[in-house]
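# Chains, contacts and geometry: an overview
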Amino acid sequence: MPDGRTGQDLRIASGRIEAIGTQLPVPEGAQVIDARGLLLSPPFVDAHFHMDATLSHGLPRINQSGTLLEGIALWGELKPLLTQEALVERALQYCDWAVAKGLLAIRTHVDVCDDRLLAVEALLHVKDRIKPYLDLQLVAFPQDGLLRTPSALANLKRALDRGVDVVGGIPHFELTMEDGAESVRILCELAAERGLRVDMHCDESDDPMSRHIETLTFHTQRLGLHGRVTGSHLTSMHSMDNYYVSKLLPLMREAQVHAIANPLINITLQGRHDTYPKRRGMTRVPELMAAGINVAFGHDCVMDPWYSLGSGDMLEVAHMGLHVAQMTSQSQMRACFDAVTVNSARLMGLDTYGLEVGKSADFVLLQARDPVEAIRLRATRLLVVRRGQVLARCAPGEAALSMPGRPASVDWMIRH
Ligand SMILES: [Zn+2]
């Protein structure tokens, strides 16, 4: 298992893990899966995604420059053309991809700046339909700014009334720093009133003076929202003054604020105004972790106006995060695996998650011996199980090679 346990049997009954131990007796008629030598992991969890935009690549046209600005323009062109049926169809298709990749919980932001709340309705419907297979958590996201858009706050409240789970925000996109801070106050108070969690797009900028994470941390403390608030992206922290960060991180730790980096998107969208040297833009992942802050990696985008790539593979996300943050020590590589599994589950508050007795029988069997090999190979998901039911299977990956002069078996080349 990713936490280092080996040689264990798991006994599953009624969708739960009933026992974990060595040489457990096999109950009469039980199905036995031999997982010797393979990595058994709790499912992948994506803590930051945009399911209302996913798989819209090419609609109404392709982002030619690959920049954030053309992406925003494209989303603006696409929004009036969206239909509920198409939103639902694309989201369900993505959920199929996710399940096949062992990704069984996703927190998705949903744009509430459209007065029709079309995407909200669509994703609430998807959440319900996909429930047996995948946990979907929705964040009410005022994409065009809470104070900048006249109807955003009212729409956001309507979305929460209809069952959206988490309060979102985008303080760095408000018109002034003051408005940004004010939006954080309003949204945190709203979450406290309603007993909800908070997850804001926060400081997704290369501007070292974008310090809304400080305000978010302050209101978390003030309102007693400890452990229920997440700052997503936090890319400005990459560029902040070191002394300031040394003051900020202990405050985040004290307020138990969680952090999410989105490595694939941060490395492609940040630093675009730089010549050389060119900043990476991803937040300070190893430093946040060392300060005792829970850090997750999100996928953010798959084939949408902002990003033409991606496949719902959280191992690809971990692989990129590891490289961008230069987290190449043995313990850091394992921490990158945790960032797409247990850390994400923790910030989403998934309380039946984990390979422990009494938890849901949800897991992925990977064609890898340990988390580092899983990341290196973006390992094949041999088996995806939820509540004790097999949802997806994949045959072990192998190549049939025919190379004159080479030994017939080259399995070692492929796997090791
Ligand atoms: Zn995002």
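Structure's up top.
So, a few notes on the structure that sits alongside this text. Throughout this description, residue numbers start from 1 for each chain and increase along the sequence as written. Only residues with pLDDT of at least 70 are given local features in this predicted model, and only at 80 or more are side-chain atom pairs given and counted; all residues enter the totals for whole chains, interfaces and linings. Where side-chain values are given, they derive from all heavy atoms of the structure, hydrogens and water being excluded.

## Thoughts on the side chain of Thr341
- In this description a helix means any DSSP run of H or I spanning at least four residues, a strand means any run of E spanning at least two, and both kinds are numbered starting from the N terminus. Looking at where Thr341 falls in the secondary structure, it is placed in the loop between helix 12 (330-338) and helix 13 (342-348).
- Contacts are assigned to residue pairs with any non-hydrogen atoms lying within 4.5 Å of each other. The residues touching Thr341, leaving out its near neighbours within four places in the chain, are Ser41, Pro42, Pro43, Phe44, Val45 and Tyr353.

## Brief notes about the coordination of the zinc ion
- Metal donors: N, O and S atoms at distances within 2.8 Å, or within 3.2 Å for Na, K and Ca, with water omitted from the atom set so that some sites may seem incomplete. Bound to the zinc ion are the protein donor atoms His48 (NE2), His50 (NE2), His201 (NE2) and Asp300 (OD), situated 2.1 to 2.6 Å from the metal.
- The site at the zinc ion holds four donor atoms, and with the angles between them running 84 to 179 degrees, its shape is irregular.
- Here the donor residues of the zinc ion share one chain and are spaced in sequence as H-x1-H-x150-H-x98-D. Of this pair, His48 sits in strand 4 (residues 44-49) while Asp300 is found in the loop between strand 11 (295-297) and helix 11 (314-324), placing the two residues 252 residues apart along the sequence. Any site counts as irregular unless it has four donors with all angles between 85 and 135 degrees, making it tetrahedral, or four or six donors with opposite ones more than 155 degrees apart and the rest between 65 and 115, making it square planar or octahedral.

## Looking at the packing of aromatic side chains
- Each aromatic pair joins two rings of Phe, Tyr and Trp (for Trp, the six-membered one) with centres within 6.5 Å, and gets the label stacked for planes under 30 degrees apart, edge-to-face for over 60, and tilted for any other angle. Taken as a whole and judged by the stated rule, the model has four aromatic pairs.
- For the ring pair Phe44 and Phe337, a centre distance of 5.9 Å and an interplane angle of 65 degrees mean the geometry is edge-to-face. On the criterion of sequence distance, the pair formed by Phe44 in strand 4 and Phe337 in helix 12 is long-range, its members being 293 residues apart.
- Within the aromatic cluster, the residues linked to one another by ring pairs are Phe49, Tyr94 and Trp97.
- We call a charge positioned above a ring when the Lys NZ or Arg CZ atom is no farther than 6 Å from the ring centre and deviates by at most 35 degrees from the ring normal. A cation over a ring is seen here: Arg211 above Tyr244, with NZ or CZ 3.6 Å from the ring centre.
- In this structure, Lys278 is placed above the aromatic ring of Tyr276, and the distance from its NZ or CZ to the ring centre is 5.2 Å.

## What to know about the sheet that holds strand 3 (residues 39-41)
- For two strands to be treated as a pair, DSSP must find no fewer than two bridges joining them. Ordered by their spatial adjacency, four strands build an open sheet running 3-12-13-14, and the pairing between neighbours is antiparallel. Both outer strands of the open sheet, strand 3 and strand 14 (389-393), are each paired with one neighbouring strand and no more. Across the sheet, the axes of successive neighbouring strands diverge by a mean angle of 20 degrees, strand direction being ignored.
- Taken together, the four bridges between strand 12 (residues 363-366) and strand 13 (residues 381-386) define a ladder with antiparallel strand orientation. When the bridges of strand 13 are listed, Leu365 appears paired with Leu383. The angle between two axes is taken between their N-to-C directions and runs from 0 to 180 degrees, where each axis is a line fitted to C-alpha atoms and a helix contributes only its stretch in contact.

## Description of helix 2 (residues 84-100)
- Over its 17 residues, helix 2 runs 25 Å from end to end, which matches the ideal 24 Å to within 8%, given 1.5 Å per residue.
- If you check which residues of helix 2 are buried, you get Leu87, Val88, Arg90, Ala91, Leu92, Tyr94, Cys95, Ala98 and Val99.
- In this fold, the buried residues of helix 2 make contact with strand 4, strand 5 (103-111), helix 3 (118-130), strand 13 and strand 14.
- Trailing helix 2 by a residue or two, Gly102 shows a phi angle of about 75 degrees, which is positive. Working rule for helices: expected span equals 1.5 Å times residues minus one. Using a 1.4 Å probe on the protein chains alone, a residue whose accessible area is under 20% of its type maximum counts as buried, one over 50% counts as exposed, and one in between counts as partly exposed.

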